[in-house]
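Listed here are the chains, written in short residue letters.
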Amino acid sequence: MRVRLKGINSITKKLADGTRRTYWYAWKGGPPLRGEPGNPVFVHSYNEAIAHKVVPPQGKLMSLLHAYQASGEFLGCAERTRTDYIKHIKAIEKEFGDFPLAALTDRRTRGIFMAWRDRLAAKSRRQADYAWQVLARVLSWSLDRGLVLANPCARGGRLYRGSRVDRIWTADDEAAFLKSAPAHFHLPLLLALWTGQRQGDLLRLPWSAYDGTHIRLRQSKTGARVVIPVGAPLKAALDAALKRSPIILTSRAGKPWTSHGFRASWSIARTKAGIVGVTFNDLRGTAVTRLAIAGCTEAEIATITGHSLRDVHSILDAHYLHRDPALAESAIRKLERRTNSPS
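Residues numbered from 1 in each chain as written. Predicted model: local features only at pLDDT ≥ 70, side-chain atom pairs only at ≥ 80, totals over all residues. Heavy atoms only, no water.

What about the nonpolar core?
Counting 43 residues, the largest nonpolar core has Phe-177, Leu-191, Ile-215, Leu-238 and Trp-266 as its most contacted members. Top element by residues in this core is helix α8 (residues 186-195). It accounts for six residues. Excluding residues within four positions of it along the chain, Trp-266 makes contact with Trp-169, Phe-177, Phe-185, Pro-188, Leu-189, Thr-279, Phe-280 and Leu-283. Formed by 28 residues, the second largest nonpolar core is a distinct cluster that contains Leu-75, Leu-101, Trp-132 and Leu-135. (Core = buried A, V, L, I, M, F, W, Y, C linked by side-chain atoms within 4.5 Å. Buried < 20%, exposed > 50% of the residue type's maximum accessible area, 1.4 Å probe, protein only. Helix = DSSP H or I, 4+ residues; strand = E, 2+ residues; numbered from the N terminus. Contact = heavy atoms within 4.5 Å.)

Next comes the structure, spelled out in structure tokens:
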């Protein structure tokens with residue numbers, strides 16, 4: 001007998017290897033369903049979700065949180081972003097789910113939300129800022145649609161003031177890592193240094209994106225499409241690599257990495273190499289720095305890394321180059337050449 005399940009929502013996405021995959025949800029913004037449409041596991045998963053579905057009370061903050069998760073703005077975010085947001089939305093629901101929307105215009109509400117952020121900051125300032133950002137985003141989305149009259153989280157500032165000034169991989173770091181780390185970690189290092197791409201995009205990069213001279217990819221976070229000429233050291237590594245999977249970067253067993261698995265294994269390899277104070281994510285900033293030291297313009301750097309011109313300028317100005325001794329050396333050598341050249 002065929003059973004008709006009401007309200008099911010589906011999203012089809014193109015994966016890094018070019019194939020398409022459909023994800024099924026109990027309803028728009030609802031929980032993901034297990035199994036395939038029509039099989040018993042799928043039906044059971046749907047019935048289980050419906051049984052636990054709670055209709056959010058109108059006039060309460062929970063109604064906005066649920067509405068935002070069903071919005072095109074939220075569903076259009078990258079999968080990793082949605083996962084991170086949902087984690088914080090659940091925490092917001094637990095703390096403020098029954099908070100009356102009418103109270104958002106009360107000036108004391110901002111203080112209540114800030115006190116909550118301060119409590120979160122006792123464990124992690126960065127996560128406290130992220131939770132505040134999510135709440136502010138939901139309220140901003142709601143304000144734009146006339147669902148609320150005020151956003152008390154607007155312009156809340158940040159508690160976390162992390163600096164990347166000193167977090168650059170040096171040539172010695174690179175050499176130490178290549179000497180100590182297992183061979184299957186050499187290609188990730190070179191890919192990051194010669195493309196300036198994020199970890200997630202590199203872990204999903206298929207062999208079909210490399211044509212022997214260029215790498216073409218679409219960044220998952222921004223949607224930017226980049227075409228990167230492949231430098232000689234990276235080309236040599238790619239051409240010598242065994243194609244054990246449709247995905248370029250694989251584990252020792254030849255399987256594509258999960259984000260968590262790669263991060264944990266990389267950390268172990270980095271520690272064994274005696275490298276401290278930098279992570280894989282710092283390779284992106286290192287690539288920007290090296291390109292600038294090599295004399296690349298901000299526009300050229302942005303073309304390779306996919307940053308906006310404003311972001312490239314911000315990175316170079318605020319975090320890296322004003323403290324890099326290689327730039328000072330380069331500047332003095334240029335001055336010497338100009339001084340010694342005949343008029």
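Anyway, onward from the coordinates.
Focus on unusual backbone geometry
Positive phi values are uncommon outside glycine, yet Arg-155 reaches one of about 50°. With respect to the element layout, Arg-155 can be found in the loop between α6 (125-144) and α7 (171-180). On the accessibility criterion, Arg-155 (79% relative accessible area) is exposed.

Considering helix α11 (residues 259-272)
Residue pairs three or four apart in sequence face the same way in an α-helix, which turns once every 3.6 residues. Its 14 residues place the ends of α11 20 Å apart at the C-alpha level, agreeing with the 20 Å of an ideal helix rising 1.5 Å per residue. Taken together, the buried positions of α11 are occupied by Phe-262, Trp-266, Ala-269 and Arg-270. Angularly, the buried residues of α11 cover 100° about the axis, an arc narrow enough to put them on a single face. Turned more than 90 degrees away from the buried face of α11, the exposed residues are His-260 and Lys-272. Positive phi appears at Gly-274, one or two residues downstream of α11, with a value of about 80°. (Expected span 1.5 Å × (residues − 1). Arc of directions from axis to C-beta.)

What about a positive patch on the surface?
On the surface, Lys-14, Arg-20, Arg-218 and Arg-225 cluster together into a positively charged patch. Relative to the helices and strands, Lys-14 is located in strand β1 (residues 9-14). (Patch = residues over 30% accessible without salt bridge, like charges linked within 9 Å, V, L, I, M, F, W, Y side chains within 5 Å. Areas by Shrake-Rupley, 256 points an atom, 1.4 Å probe, with all protein chains shown as cover. Salt bridge = Lys/Arg side-chain N within 4 Å of Asp/Glu carboxyl O. Lys, Arg positive; Asp, Glu negative; His and termini not counted. Charge placed at Lys NZ, Arg CZ, Asp CG, Glu CD.)

Overview of α8
Burial runs high along α8: eight of the ten residues are buried. Of the positions making up α8, those classed as buried are Leu-187, Pro-188, Leu-189, Leu-190, Leu-191, Ala-192, Leu-193 and Thr-195. Looking one or two residues beyond α8, the residue adopting positive phi is Gly-196, at roughly 70°.

Considering the confidence of the model for the chain
Per-residue pLDDT for the chain averages 88, and the proportion of residues at 70 or more is 92%. Helix α14 (residues 309-320) is the least confidently modelled element of the chain, averaging 72 in pLDDT, while α8 averages 97, the highest of any element. (pLDDT = per-residue confidence, 0-100.)

Quick notes on the packing of aromatic side chains
Here the structure, examined in full by the defined rule, presents 18 aromatic pairs. Between Trp-169 and Trp-266 the ring centres are 6.1 Å apart and the planes differ by 55°, which places this aromatic pair in the tilted class. In this pair, Trp-169 is assigned in the loop between α6 and α7 and Trp-266 in helix α11, connecting sequence segments 97 residues apart. Taken as a pair, Trp-169 and Trp-266 share a single burial class, namely buried. An aromatic cluster is defined as three or more aromatic residues linked by ring pairs; in this entry it consists of Trp-169, Phe-177, Phe-185, Trp-257, Phe-262, Trp-266 and Phe-280. It is Arg-117 that lies over the ring of Trp-132; its NZ or CZ is 4.4 Å from the centre. If you follow Lys-243 out to its NZ or CZ, it ends over the ring of Trp-207, 5.1 Å from the centre. (Phe/Tyr/Trp six-rings, centres within 6.5 Å; stacked < 30°, edge-to-face > 60°. Lys NZ or Arg CZ within 6 Å of the ring centre and 35° of its normal.)

Things to note about the pattern of salt bridges
Think of it this way: side chains of opposite charge can pair up when their charged atoms draw near. Inspection of every chain in the model, using the stated rule, returns nine salt bridges. Taking the shortest distance from any N to any O, the salt bridge between Arg-137 and Glu-73 comes out at 2.8 Å. Taken together, the positions of Arg-137 in helix α6 and Glu-73 in helix α3 (residues 72-75) put the pair 64 residues apart, joining distant regions of the chain. The partly exposed category is assigned to Glu-73, whose relative accessible area is 30%. Two residues, Glu-95 and Arg-119, come together in a salt bridge whose shortest N-O distance is 2.8 Å. Placement of the pair is Glu-95 in helix α4 (residues 79-96) and Arg-119 in helix α5 (residues 108-121), with a sequence separation of 24 residues. Relative accessible area serves as the criterion here: at 37%, Glu-95 is assigned to the partly exposed category.

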